[in-house]
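# Observations on chain architecture
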Amino acid sequence: MTAAFSQDVINEVRDRVDIVDIIGGQVRLKKRGRNYVGLCPFHSEKTPSFTVSPDKQMFYCFGCGVGGNVFTFLMKQNGLSFPEAVKTLAARAGIDLVDVEEAPAQRQQREFKERLYQLGAIAASFYCRILTGHLAAAPAREYIRRRGLKDESVRVFQLGYAPGRGEVLVKYLLSKGYSWQEIEQAGLSSSTRGDRFRNRLMFPIKDRRSRVIGFGGRVLGDGQPKYLNSPETVLFNKSKVLFGLHLALPGIRRQKQAILVEGYLDMITAWQYGLDNVVATLGTSLTREQAQELSRYAKEVIIAYDADTAGAAATLRGLDILAAAGLQVRVAQLPQGQDPDEFLTAEGPAAFKQLISSSQGLIEFHLHQALLEHDVNTPRGKQAVIALMLPQIKKVKNSVEREIYIRLLSRQTGISETAILNDLRRIDTKQDMVEKTRNTRTSQRTGEKARGTTYKTGELFLLQAYLAADPLATIIDSELGDDWGDSPLTKKLVAIIRAERDKAPGLAGEELLQTITNQGEQEIVALLAKLSLSEELGPVEERTVIKAVRFYKLQKLKKKEKELWLAMARAETGGAASQVKELQEQIFHLQQTIKAVKIGRGE
């Protein structure tokens, strides 16, 4: 029987391994900037052209054109089939796989989830269109302006507006063929079958593969609650979700560090200022599931919660949870009365980075809080501070580090190091075992020349934009038509992207790239890898895409003009007067079109 694995299983296996570790076990890699390079295992070379990206989790050889993801590498390097590659990596990651065809019940559940993903994407697009084009959304647009969010941030995070009227979204979804039951199970309707979210700025909540799984809504006006999240659904459990992880994951992997904030706007503002390793806890207390998720990608977490009493309490709770997940923890001390959003807006990213670099370690923060709460000028205060700190110091395994903290505690309280050390030794052995348990982290070539087309940077950039987001793909299609591309392979990839988006509206970026890569068509996989690792293409933004489209169109028109001039020269040589006249007219009209395109480009 042929092994069949669901897309969720394949994604889980891929996410649980690091492509640098896998390839680095067989190819000697050296770090170069954000990427790693080495001699290609698939062809003979003296200068390294084989590139591995930890951010993209892709590889590509700029010499022979072989590329793909971690599955592709094992298939080519070790001669494995796709199911064998999945099994090999699953075993390495400690994931149990059942080598059977998908059971009917499993298939039904998967198809139901996929339909809810599609419903969420359609709802997000609906809210987004209302925000950008509806008169009723004027207060939301004004709120966005006041908070300093740029158009690019609104687009990337797909912010939207839920109207105040009762059934606008529900009726729209019903018109799209979804049932009441599906809308309710997606968490988008109220108990009275109206819209759950009304008069709110909407924040789509996405999983790490960029799929919409829920929403958060910020009320505009005096309504309550101030923030409203989706209820728990088959897709959404807020205790397991980190807002913005789908965008921050490459930065977290690269830096092995995550910055943890509380709210949507804290995370979005940080991203807007170029901080690409920030995630938010949806305004709720940090959970063990969220800490475990972070531990898969980071070694260190820096907590940057609001500088108020509630924020300090949440930080204290979060410290132990993160430490128990095996993470190094530090705390950024924001000025009193400010949250990360306000601090970044007032002081800028350089000041925030300085705050991060000077953040306190776990023990220092516990001591800082203990000293705020108790007066060490009194015997009772000294005892209280020492009682709070001894369990924290007990967790420190390094004897030198432990001695440093004992000395620090002695200096702050005036109690001798000997007395503190004696009390530390008397801590119940049972407590030591409990802490030890809590802090135990659960862990778990054949050379081939590239076939196909030599690509111009312009076409590569357009393909990159076409993958990145639906709105960008719409711009490209509207300007270039449905059949654009200089090569059959480009046309084929564009058709595949359209087909995948038809099946899952809103699918974009890394998730779309990996979905197509997992289909395993080698020429397409290699092209996708090249798109991922071609750093010279530049940032994919709407304005640059529009310029690239016009440049691409202009190049095609100039090529056509050159062909017409050559044809006219041949006609003149052959004495075909009528054909010459016809070609002159075509050239004239084409030159007018070229002029119009140049004017559009500002030339």
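Placed above this text is the structure.
Described in the following lines is the structure provided in the data block. Since the model is a prediction, treat every value here as computed from it, not as a measurement.

Rules used throughout
Residues numbered from 1 in each chain as written. Predicted model: local features only at pLDDT ≥ 70, side-chain atom pairs only at ≥ 80, totals over all residues. Heavy atoms only, no water. Buried < 20%, exposed > 50% of the residue type's maximum accessible area, 1.4 Å probe, protein only. Helix = DSSP H or I, 4+ residues; strand = E, 2+ residues; numbered from the N terminus. Arc of directions from axis to C-beta. Contact = heavy atoms within 4.5 Å. Phe/Tyr/Trp six-rings, centres within 6.5 Å; stacked < 30°, edge-to-face > 60°. Lys NZ or Arg CZ within 6 Å of the ring centre and 35° of its normal. 1 Å grid on protein atoms, 1.4 Å probe; cavity = no way out; pocket = protein on both sides within 12 Å on 5 of 7 lines; lining within 4 Å. Points joined across faces, edges and corners; volume = space filled by probe spheres on them. Pairing = 2+ DSSP bridges. Axes fitted to C-alpha atoms, helices over the stretch in contact; angles between N-to-C directions. Salt bridge = Lys/Arg side-chain N within 4 Å of Asp/Glu carboxyl O.

## Looking at helix H14 (residues 340–347)
Burial in H14 covers these residues: Pro-340, Asp-341, Phe-343 and Leu-344. Along the axis of H14, the buried positions cluster into a sector of 165°, meaning they face one direction only. Taken together, the buried residues of H14 touch strand E10 (257–261), helix H11 (264–272) and helix H15 (349–357). Directly after H14, the chain includes Gly-348, whose backbone phi takes a positive value near 95°.

## Description of the packing of aromatic side chains
All told, the structure shown has 18 aromatic pairs when counted by the stated rule. Connected via pairs of aromatic rings, a cluster forms that spans Phe-157, Phe-203, Tyr-227, Phe-243, Tyr-264 and Trp-271. Seen from the ring of Tyr-36, Lys-31 lies directly overhead, with NZ or CZ sitting 5.6 Å from the centre. Residue placement shows Arg-196 over the ring face of Phe-197; its charged tip is 5.7 Å from the ring centre.

## Things to note about empty space enclosed by the protein
The gaps left among the atoms become clear once a water-sized probe is rolled over them. If you add up the space inside the largest cavity, you get close to 190 Å³. In this structure, the largest cavity is lined by 15 residues; those nearest its centre are Arg-14, Arg-208, Leu-249, Arg-253 and Glu-510. Where the lining of the largest cavity is concerned, the elements lending two or more residues are helix H1 (7–16), helix H10 (245–255) and helix H24 (509–517). The element contributing the most residues to the lining of the largest cavity is H10, with four residues. If you add up the space inside the second largest cavity, you get close to 70 Å³. In this structure, the second largest cavity is lined by Leu-116, Gly-120, Gln-185, Ala-186, Leu-188, Val-212, Ile-213, Gly-214, Phe-215, Thr-233 and Leu-235. Elements with a minimum of two residues in the lining of the second largest cavity: helix H5 (104–133) and strand E8 (212–219).

## What about the sheet that holds strand E5 (residues 67–68)?
Taken in spatial order, the five strands of this open sheet run E1-E2-E3-E4-E5, and their pairing is antiparallel. Pairing within the sheet leaves two strands with one partner each, and these edge strands are strand E1 (30–32) and E5. In this structure, E1 lies alongside strand E2 (residues 35–38), joined through three bridges in antiparallel fashion. Its bridge partner being in E2, Arg-32 is matched across the sheet by Asn-35. Strands strand E3 (50–53), strand E4 (58–61) and E5 of the sheet are contacted by helix H25 (residues 522–533), whose axis makes an angle of about 100° with E4.

## Examining the pattern of salt bridges
Considering all chains together, one arrives at 25 salt bridges under this definition. Across the pair Asp-207 and Arg-211 runs a salt bridge whose closest N-O atoms are separated by 2.8 Å. Several salt bridges share partner residues, and in doing so they unite Glu-12, Arg-14, Asp-15, Arg-16, Arg-208, Arg-209, Glu-293 and Arg-296 into one network.

## A short note on the pairing of E8
With eight of eight residues buried, E8 is to be regarded as a mostly interior element. One ladder, built from seven bridges, connects strand E7 (residues 200–206) with E8; its direction is antiparallel. Among the inter-strand pairings, Arg-200 is bridged to a residue of E8, identified as Val-219. Hairpin connection from E7 to E8: five residues lie between these consecutive antiparallel strands, with Ser-210 at a positive phi of about 70°. By the bridge criterion, three bridges tie E8 to strand E9 (residues 227–229) in an arrangement that is antiparallel. Bridge pairing in E9 places Gly-217 opposite Leu-228.

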